[in-house]
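Residue-level listing of the chains:
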Amino acid sequence: MRLLLVVLLLPLHASALTPAAKEFMEISAQLEPVQCEKRQLRRKMAMALAEQRGADLDKLNARFAELNRDRDTTRLERRLAELEKRIRNAGDPEDLDAISLQHRQAFYRCE
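To start, this report covers the structure provided alongside it. (Residues numbered from 1 in each chain as written. Predicted model: local features only at pLDDT ≥ 70, side-chain atom pairs only at ≥ 80, totals over all residues. Heavy atoms only, no water.)

1. Some thoughts on the overall build of the chain
Secondary structure assignment for the chain yields five helices and zero strands. Going residue by residue from the N terminus, the α and β elements of the chain occur as α-α-α-α-α. A buried classification covers 26% of the 111 residues belonging to the chain. Partitioning the intrachain contacts of the chain with sequence separation of at least 6 by distance along the chain shows that 71% fall at a separation of at least 24. Total accessible area on the chain stands at roughly 8000 Å², and carbon and sulfur atoms take up 58% of it. (Helix = DSSP H or I, 4+ residues; strand = E, 2+ residues; numbered from the N terminus. Buried < 20%, exposed > 50% of the residue type's maximum accessible area, 1.4 Å probe, protein only. Contact = heavy atoms within 4.5 Å. Areas by Shrake-Rupley, 256 points an atom, 1.4 Å probe, with all protein chains shown as cover.)

2. Observations regarding the environment of Gln35
Residue position: Gln35 is located in helix α2 (residues 19-50). Owing to a relative accessible area of 26%, Gln35 belongs among the partly exposed residues under this scheme. Spatially, the C-alpha atoms of Gln35 and Leu67 are 9.4 Å apart, while their sequence positions differ by 32 residues.

3. Focus: the layout of surface pockets
A volume near 260 Å³ is recorded for the largest pocket. At the level of secondary structure, the elements contributing two or more residues to the lining of the largest pocket comprise α2 and α5 (93-110). Here the lining of the largest pocket takes eight residues from α2, the largest share from any one element. Of the residues belonging to the lining of the largest pocket, the class tally is seven nonpolar, four polar and four charged. (1 Å grid on protein atoms, 1.4 Å probe; cavity = no way out; pocket = protein on both sides within 12 Å on 5 of 7 lines; lining within 4 Å. Points joined across faces, edges and corners; volume = space filled by probe spheres on them. Nonpolar A, V, L, I, M, F, W, Y, C, P; charged D, E, K, R; others polar.)

What follows is the structure, encoded as structure tokens:
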């Protein structure tokens, strides 16, 4: 029931967001697959380091570096950083709540 309420209110809530927050959320959605893969790689890298699997760690580091070299991803991540500063300074609670919700949902989709 609560989920249904959130789903019904989300479009109303999204219309109250600032343009910067809307752009931030759009870019975050575009970057979600890359961010998810990076999160998974960080976990695997930590495990490989703890288990002293050097060869695996090298492969994982290489994949992580490959993701970071992608020009489109880098451009979007830079824009996201700019927007984050603007949104944080504005401090609109509705923007921050919506972005937080989006990040939590992305986190659990990545699992």
